[in-house]
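Listed below, chain by chain, are the residues.
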Amino acid sequence: MSLMDLTKKYESPLFVYDTAVIKKQYERLMGAFNDIPVKLHYACKALTNIEVLKYIRSLGAGLDAVSIEEVALGIRAGYNPSDIFFTPNSVGIEELEEAAHKGVSVNIDNLDVLELFAQKFPNKSVCIRINPHIMAGGNLKISVGHIDSKFGISIHQLPHVLKLVESWNIKVEGIHMHTGSDILDAEVFLNAIEILLNAAKSFKDLKYIDFGSGFKVPYKKGDIETNIEHLGQLISDRMKAFYKEYGRTVDVVFEPGKFLVSESGVLLSKVNTVKITPSTLFAGMDTGFNHLIRPMFYGSYHHIENISNPSGNPRIYNVVGYLCETDTFAVNRRINEIRVGDVLCFHNAGAYCFSMASNYNSRLKPAEVMIHEGKDYLIRRRESFEDLIKLQKNTGLFD
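Residues numbered from 1 in each chain as written. Predicted model: local features only at pLDDT ≥ 70, side-chain atom pairs only at ≥ 80, totals over all residues. Heavy atoms only, no water.

(A) Seen up close, the packing of aromatic side chains. Per the counting criterion, the structure on display carries 14 aromatic pairs. Residues Phe-15 and Tyr-17 carry aromatic rings whose centres are separated by 6.3 Å and whose planes lie at 15° to one another, so their mutual orientation is stacked. Members of the aromatic cluster, connected to one another through ring pairs, are Phe-33, Phe-189, Phe-211, Phe-215, Phe-254 and Phe-259. The ring of Tyr-301 has Lys-220 sitting right over it, with the charged end atom 4.6 Å from the ring centre. Above the face of the Tyr-322 ring, Arg-363 is positioned so that its terminal group lies 4.0 Å from the ring centre. (Phe/Tyr/Trp six-rings, centres within 6.5 Å; stacked < 30°, edge-to-face > 60°. Lys NZ or Arg CZ within 6 Å of the ring centre and 35° of its normal.)

This is how it looks when you write it as structure tokens:
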């Protein structure tokens with residue numbers, strides 16, 4: 001599809017997702033493992049559009065949800081509740097109760113909550129999230145398995161977990177970990193797996209072991225990424241040995257989010273201004289961190305391409321947004337000459353972009369388009385001013 005044509009048809013800014021890329025990533029991950037039962041549960045916090053959820057369900061994936069609203073989205077998208085894992089953090093017991101009543105699998109990462117949940121639902125099987133105390137991930141903000149993380153029950157508290165399981169006769173159907181995002185070192189991931197497998201031996205009735213995800217995708221040409229095929233072979237070999245130790249097979253579960261959808265998406269944005277200061281050449285866009293916050297929040301890199309002027313002479317730009325904040329997408333970035341009205345394409349915009357969007361500065365959220373089998377489909381219309389204010393109430397006090 002011509003991205004320029006899509007910009008003319010749907011205007012900008014615009015998110016576009018290609019289902020062919022999602023399918024390729026799904027099949028690549030499923031094909032990385034040899035002779036072990038593997039299931040993928042899409043970590044939908046990465047991108048929650050219902051049409052995307054439906055498509056990923058059609059590929060055969062389950063769902064990993066972190067809020068009761070994501071659970072509801074999954075059910076609305078046609079997922080069987082039994083194919084949804086609910087893996088929240090720091091939520092009230094009421095949210096866990098609602099999830100249990102909906103019939104989804106509940107993943108618990110707090111000792112107090114585990115005991116309370118067992119009292120309220122004595123016949124409900126649970127999954128237990130373990131913190132392996134492994135430092136992994138691209139930076140501290142996306143590393144969630146270290147000792148100071150709020151996520152998971154410390155591996156050192158396993159004896160306490162076992163006491164609760166015995167005292168309340170808790171049915172533990174799975175154990176889970178997630179060490180972080182943008183993992184490159186296979187050995188670090190395998191070390192965490194080893195810790196989880198050792199813990200798994202204490203639970204005799206497991207149906208699955210969930211290793212989370214965090215696999216790194218490339219963000220620019222020549223960028224490093226997780227070698228999924230190599231890691232898959234190592235995990236397959238280790239699991240076969242574990243099955244002999246455990247006495248039977250259990251499902252191996254992964255929860256890819258970014259890995260499935262990051263490369264499928266782009267953000268198309270029009271250039272509002274080109275501004276020269278004594279030291280810097282700025283390209284000012286019709287978007288900001290209200291649509292794409294990852295560079296500002298995580299320091300993430302997004303390749304930026306001028307699709308309006310592909311043969312222009314490269315110049316060095318700071319690419320910035322239209323918010324009344326320092327919303328800088330790129331500093332000293334080499335891009336083909338940018339003119340007012342040009343369209344820039346931000347790559348790797350499929351994960352944690354629209355799902356983290358806001359109405360800051362009272363700006364409106366953009367439209368979303370899906371490309372499927374060569375055709376474009378509008379899967380979210382552009383917000384209007386009426387959408388922005390529809391939940392606000394006029395009290396009449398100051399009329």
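(B) Structural context of the confidence of the model for the chain. Confidence in the prediction for the chain averages 93 pLDDT; 95% of positions are at 70 or higher. Predicted confidence for residues 136-145 stays below pLDDT 50, and this span has 37 contacts to residues more than four positions away or in other chains. (pLDDT = per-residue confidence, 0-100. Contact = heavy atoms within 4.5 Å.)

(C) A look at the pairing of strand β11 (residues 265-276). In this sheet, β11 lies alongside strand β1 (residues 14-18) in antiparallel orientation, the contact comprising four bridges. Bridge assignment links Val-16 to a residue of β11, and that residue is Val-266. With four bridges joining them, β11 and strand β16 (residues 343-346) adopt antiparallel strand pairing. Following the sheet pairing, Ser-269 is matched in β16 by Leu-344. Pairing of β11 with strand β12 (residues 281-285) involves five bridges; the strand directions are antiparallel. Directly across from Val-271, in β12, lies its bridge partner Met-285. (Pairing = 2+ DSSP bridges. Helix = DSSP H or I, 4+ residues; strand = E, 2+ residues; numbered from the N terminus.)

(D) Examining the nonpolar core more closely. Formed by 104 residues in total, the largest nonpolar core has its most connected members in Tyr-42, Ile-128, Ile-209, Phe-211, Ile-235, Phe-254 and Val-319. Of the residues forming this core, the biggest block, nine residues, is contributed by helix α8 (residues 186-200). Not counting residues up to four positions away in its chain, the partners in contact with Val-319 are Ala-283, Met-285, Ile-304, Thr-328, Phe-329, Ala-330, Ile-335, Leu-344 and Phe-346. Counting residues in hydrophobic clusters, the runner-up holds twelve residues, among them Val-266, Leu-268, Ile-307 and Ala-367. (Core = buried A, V, L, I, M, F, W, Y, C linked by side-chain atoms within 4.5 Å. Buried < 20%, exposed > 50% of the residue type's maximum accessible area, 1.4 Å probe, protein only.)

(E) Structural context of the pattern of salt bridges. This model, assessed by the stated rule, comprises 15 salt bridges. Its salt-bridge partner being Lys-240, residue Asp-35 comes within 3.9 Å of it at the nearest N-O pair. Of this pair, Asp-35 sits in the loop between α2 (19-30) and β2 (38-43) while Lys-240 sits in helix α9 (residues 228-246), and the two are 205 residues apart along the sequence. Look at Lys-240 and you get partly exposed, because its relative accessible area is 31%. Across the salt bridge formed by Arg-339 and Asp-342, the nearest N and O atoms sit 3.0 Å from each other. The class of Arg-339 is partly exposed, set by a relative accessible area of 37%. Among the ionic contacts, a cluster of salt bridges with common partners joins Glu-194, Lys-201, Arg-238 and Glu-245. (Salt bridge = Lys/Arg side-chain N within 4 Å of Asp/Glu carboxyl O.)

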